[in-house]
Amino acid sequence: MRPSRRAPDELRAVSLERGVVKYAEGSCLVKFGDTHVLVTATLEERLPPWLKGQGRGWVTAEYGMLPRATLERTRREASAGKQSGRTVEIQRLIGRSLRATLDLEALGERQITVDCDVLQADGGTRTASITGAWVALADCIGWMKARNMIKTNVLRDHVAAISCGIYNGTPVLDLDYAEDSTADTDANFVMTGDGRIVEVQGTAEKTPFSQAEFLALMALAQKGVSKLVDLQKMAVA
């Protein structure tokens, strides 16, 4: 039995609320159970120096966790003077995931910065961030289309992410903190709307896992991402 009493293939309650920030070109408050992330997408008429003159745009991401997103207060990274390795890894993952579904040439020589701020953490903050970031990005691109800044389709597909793991010997979907902290194996899957894989992160925390177990986790992830993409479609309809 899972601590949450969910079935092995059952997601937490997921919600994607658009337009929650007045000044951002795109925004989404994403909730995976008790994990809540505020995502904003900001359009800037500038590019990193290494991209100038190449006739294409860029999407990058920043990620952070508020001090009381967890049980105990976490020190702000700004006060420490540097980002942790975990933060850098996650924001690079978010950026890669979003760029995998974009036509950067159609975007033009502009940059969209996606900020993911974790308000409350209960496992799966990176997967919730990616799923909500796509919605905020889609809204930002819609904002651009409404102002005739772009003429063609920039977004080629959806992208969403979900965690899976082996908990008490059973493959399960969408781990909360109680499961994630004690799982034998945990993995994160980033997939497109048509089921292609963008990235897979899998780690044996205790006992190495077999190929059969990995395929079971991937099958769960495909099912979970399919449901998340349906929710994204409903959110931006």
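Details of the structure are given in the entry above.
Cut-offs used in this document
- Residues numbered from 1 in each chain as written.
- Predicted model: local features only at pLDDT ≥ 70, side-chain atom pairs only at ≥ 80, totals over all residues.
- Heavy atoms only, no water.
- Helix = DSSP H or I, 4+ residues; strand = E, 2+ residues; numbered from the N terminus.
- Buried < 20%, exposed > 50% of the residue type's maximum accessible area, 1.4 Å probe, protein only.
- Contact = heavy atoms within 4.5 Å.
- Areas by Shrake-Rupley, 256 points an atom, 1.4 Å probe, with all protein chains shown as cover.
- Lys, Arg positive; Asp, Glu negative; His and termini not counted.
- Charge placed at Lys NZ, Arg CZ, Asp CG, Glu CD.
- Core = buried A, V, L, I, M, F, W, Y, C linked by side-chain atoms within 4.5 Å.
- Pairing = 2+ DSSP bridges.
- Axes fitted to C-alpha atoms, helices over the stretch in contact; angles between N-to-C directions.

**Digging into the overall build of the protein chain**
The helix and strand tally for the protein chain stands at 6 helices and 9 strands. For the protein chain, the proportion of its 237 residues judged to be buried stands at 48%. Considering only intrachain contacts with a sequence separation of at least 6, the fraction spanning at least 24 residues in the protein chain is 71%. Surface summary for the protein chain: the accessible area is close to 11500 Å², and the carbon and sulfur share equals 49%. Averaging the locations of the 30 positively and 30 negatively charged side chains of the protein chain gives two centres separated by 4 Å.

**Side note on the nonpolar core**
Core analysis: the biggest nonpolar cluster contains 61 residues, and Ile 94, Leu 98, Ile 112 and Val 114 have the highest contact counts within it. Looking at which element gives the most residues to this core, the answer is helix H4 (residues 125-146), with 11 residues. Dropping the residues within four chain positions of it, Val 114 is found in contact with Val 39, Thr 40, Ala 41, Val 59, Thr 60, Ala 61, Glu 62, Leu 98 and Ala 133.

**So, the side chain of Thr 131**
Positionally, Thr 131 belongs in helix H4. Given the relative accessible area of 0%, Thr 131 is considered buried. Aside from chain neighbours lying at most four places away, what touches Thr 131 is Leu 16, Phe 32, Val 159, Ala 160, Ala 161, Leu 228 and Gln 232.

**Describing the sheet that holds strand E4 (residues 58-65)**
One open sheet accounts for 5 strands, arranged E1-E2-E3-E5-E4; its pairing is mixed. Only two strands of the sheet have a single neighbouring strand rather than two, namely strand E1 (14-18) and E4. Put simply, the sheet's adjacent strands are angled 15 degrees from each other on average, direction ignored. As judged from the 8 bridges shared by E4 and strand E5 (residues 111-120), these two strands associate in the parallel manner. Bridge pairing in E5 links Thr 60 to Thr 113. Sitting on the sheet, helix H6 (residues 211-236) is in contact with E1 and strand E2 (26-32), with an inclination near 25 degrees to E1.

**A few points about the sheet that holds strand E9 (residues 197-204)**
In spatial order, the strands read E7-E6-E8-E9; together these 4 strands make up an open sheet with antiparallel pairing. Either end of the sheet is taken by a strand with one partner, and the two such strands are strand E7 (170-173) and E9. Each strand axis lies, on average, 15 degrees off the axis of its neighbour in the sheet, ignoring direction. Note: strand E6 (residues 159-167) against strand E8 (residues 185-192), 8 bridges, orientation antiparallel. Among the inter-strand pairings, Val 159 is bridged to a residue of E8, identified as Thr 192. Of the strands in this sheet, E6, E8 and E9 are in contact with helix H2 (residues 85-99), which crosses E9 at around 150 degrees.

**A look at the environment of Leu 71**
Counting through the fold element by element, Leu 71 comes out in the loop between E4 and helix H1 (77-80). The exposure class assigned to Leu 71 is exposed, which follows from its relative accessible area of 76%. Sequence separation of Leu 71 and Gln 120 is 49 residues, and the distance between their C-alpha atoms is 9.3 Å.

**Overview of the pairing of E5**
Remark: a regular strand shows side chains that alternate across the two faces of the sheet. Where strand E3 (residues 35-44) and E5 come together, 9 bridges link them in antiparallel fashion. Residue His 36 lies in a different strand from E5, and its bridge partner there is Gln 120.

**Regarding unusual backbone geometry**
Keep in mind that most residues, glycine aside, have a negative phi and that most peptide bonds are trans. We note that Asn 148 has phi near 55 degrees; this positive angle belongs to a residue other than glycine. Looking at the secondary structure, you find Asn 148 in the loop between H4 and E6. A positive phi angle is found at Asn 168, which is not glycine, with a value near 50 degrees. The topology assignment puts Asn 168 in the loop between E6 and E7. Using a relative accessible area of 62% as the deciding quantity, one classes Asn 168 as exposed.

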